[in-house]
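Below, each chain spelled out in residue letters.
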Amino acid sequence: MSEMQLNQKGAKLVDILSGQEERILAEWMKEMTGSTRRGDLIKESELRAECTQFLKLLKQTTEAAGTDFQSPSFGPMREMLGDVSRGRAQKGFKPSETATFVFSLKRPLFDQIQTQYKGDTDAMAAEMWSLTELLDAMGLYTMEVFQKSREDMIRRQQEELLELSTPVVKLWDGILALPIIGTLDSARTQVVMESLLQAIVQTNSRMAIIDITGVPTVDTVVAQHLLKTVTAARLMGADCIISGVRPQIAQTIVHLGINLLDVTTKATLAAAFSVALQRLGISFVRDAAKS
Amino acid sequence: MEKIPILKMGDFLLVTIQVDMHDRLALALQDDLTRTISQTEAHGVLIDISTLEIVDSFIGRMLSNIAAMSRVLDAETVVVGMQPAVAITLVELGLSLPGVRTALNVDAGMELLRASVKATKEMYGSRLH
């Protein structure tokens, strides 16, 4: 398609749009209300503003660059669609509801074409085809952005979860505790291991307690990871104690034939803490006057 | 040629590795250290690897070997200041350095050496009586 043809097509769309904005807008809004306008998620005034801006941009862009959505002139248009789509993804719209924003414009525009090209079927078909192509491309783009923003959200949440779930806490001068909650997999263990070792260096701690009260199951892989963490801490000069071993987990460990003999294990965090204090040579005395 | 200095501090030898270890350097260190231990009759060796950032299986095994050799020569070895990344690498390589004592820093390592030398002396002392 030559530049001129494109421009001609664009010009036609401009003809259709110009002077009719108000009517198209009204019909478009009606169309959306009929199908999927979510009054609970977006205000009418907000939607109207979006639609008005969309039509304005559509007119401007097609005037300049025709109906080729890939052309760079569609940059602002794409940006606007992206914002609309991302906003809807955050507000909790369904994918179909988001796509309808663009697709529901078809009927008002087609109606307009029909009235303008009465009798000239060839021109009408051509015009409809190019308009459909443009709107489809826009709809697909909206979906793409929608999907991407959803994926970004999930990825961000995963990362946050990973960070949240591996806090290293200081119990005493020289004693760290790492309460693990949830299932340990390779990726998480790597984070756990790194944050513990980093904390050992930073706080100069000689003792580290890994509390696995919140770990539902221990299999060979998890046990292997735990052992690796303990060994790495030992290489750096810190002693590790594993606490919170539940009866079922103790049974599983023995049945699996995992050798935890070199590691100090305690039933509770309190017991592990008292062992750690003992190794550091710290002891508490109950105040006789207060007891 | 580069050389890793071995410093004598009282009863102990202090080795600080501040350059990238390559194989030849590691072997030279092994030679030097064993010779110095027997010359000075040191009772403890402290190897500071806090600036060492890259290790491979050879260096790992060398650390383990040095510890074993020193023990034969009646000197306790303590490796101090291992970086987290180095520790993880060694564990992943399957080198858990059994028999090598470790400490967080030079201070802690010295304390450990002193304690172990004292314990040895007490043990022999009690046997003599």
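Residues numbered from 1 in each chain as written. Chains lettered and ligands numbered in written order. Predicted model: local features only at pLDDT ≥ 70, side-chain atom pairs only at ≥ 80, totals over all residues. Heavy atoms only, no water.

## Remarks on the pattern of salt bridges
Residues and elements named next belong to chain A.
Thought 1: Taken as a whole and judged by the stated rule, the model has 13 salt bridges over all chains.
Thought 2: For the salt bridge of arginine 23 with glutamate 27, the shortest nitrogen-to-oxygen distance reads 4.0 Å. With arginine 23 and glutamate 27 both in helix α2 (residues 21-35) and four residues apart, the pair spans about one turn of that helix.
Thought 3: Here arginine 86 ties to aspartate 83 by a salt bridge, and the two come within 3.4 Å at their closest N and O atoms. With arginine 86 and aspartate 83 both in helix α4 (residues 75-91) and three residues apart, this pair spans about one turn of that helix.
Thought 4: Take arginine 86: its relative accessible area is 38%, and that puts it in the partly exposed class.
Thought 5: What you see here is one network of salt bridges that share partners, running through Lys148, Asp152 and Arg155. (Salt bridge = Lys/Arg side-chain N within 4 Å of Asp/Glu carboxyl O. Helix = DSSP H or I, 4+ residues; strand = E, 2+ residues; numbered from the N terminus. Buried < 20%, exposed > 50% of the residue type's maximum accessible area, 1.4 Å probe, protein only.)

## Quick notes on the packing of aromatic side chains
Residues and elements named next belong to chain A.
Thought 1: Scanning the entire structure with this criterion turns up six aromatic pairs over all chains.
Thought 2: With 5.4 Å between their ring centres and 55° between their planes, tryptophan 28 and phenylalanine 54 make a pair best called tilted. Linking tryptophan 28 in helix α2 with phenylalanine 54 in helix α3 (residues 44-65), this pair joins segments that are 26 residues apart in sequence. Each member of the pair, tryptophan 28 as well as phenylalanine 54, carries the same accessibility label: buried.
Thought 3: One cation-aromatic arrangement involves arginine 78 over phenylalanine 69; the distance from NZ or CZ to the ring centre is 5.1 Å. (Phe/Tyr/Trp six-rings, centres within 6.5 Å; stacked < 30°, edge-to-face > 60°. Lys NZ or Arg CZ within 6 Å of the ring centre and 35° of its normal.)

## Comments concerning unusual backbone geometry
Residues and elements named next belong to chain B.
Thought 1: For glutamate 41, which is not glycine, the phi dihedral falls at a positive 55°.
Thought 2: Note on placement: glutamate 41 falls in the loop between α1 (23-40) and β3 (44-48).
Thought 3: A residue is classified by how much of its surface remains accessible, and glutamate 41, at 61% relative accessible area, is exposed.
Thought 4: The phi torsion at aspartate 74 lies on the positive side, around 65°, for a residue other than glycine.
Thought 5: Judged by its relative accessible area of 47%, aspartate 74 falls in the partly exposed class.

## Structural notes on the interface of chain B and chain A
Thought 1: Contacts between chain B and chain A engage 17 residues on the former and 17 residues on the latter.
Thought 2: Buried area between chain B and chain A, both sides added, is near 1500 Å², and the carbon and sulfur share of it is 64%.
Thought 3: There are one salt bridge connecting chain B and chain A.
Thought 4: Glu92(B) is the salt-bridge partner of Lys228(A), the closest N and O atoms lying 3.2 Å from each other.
Thought 5: Joining chain B to chain A, the criterion identifies seven residue pairs in polar contact (both at pLDDT 80 or more).
Thought 6: Contributions of two or more residues to the side of chain B that touches chain A are made by α3 (84-92) and β5 (101-103) of chain B.
Thought 7: With six residues, α3(B) is the largest single contributor of residues to the side of chain B that touches chain A. (Contact = heavy atoms within 4.5 Å. Buried area = accessible area lost by both parts, 1.4 Å probe. Polar contact = N/O pair within 3.5 Å; in protein donor to acceptor, adjacent residues only side chain to side chain.)

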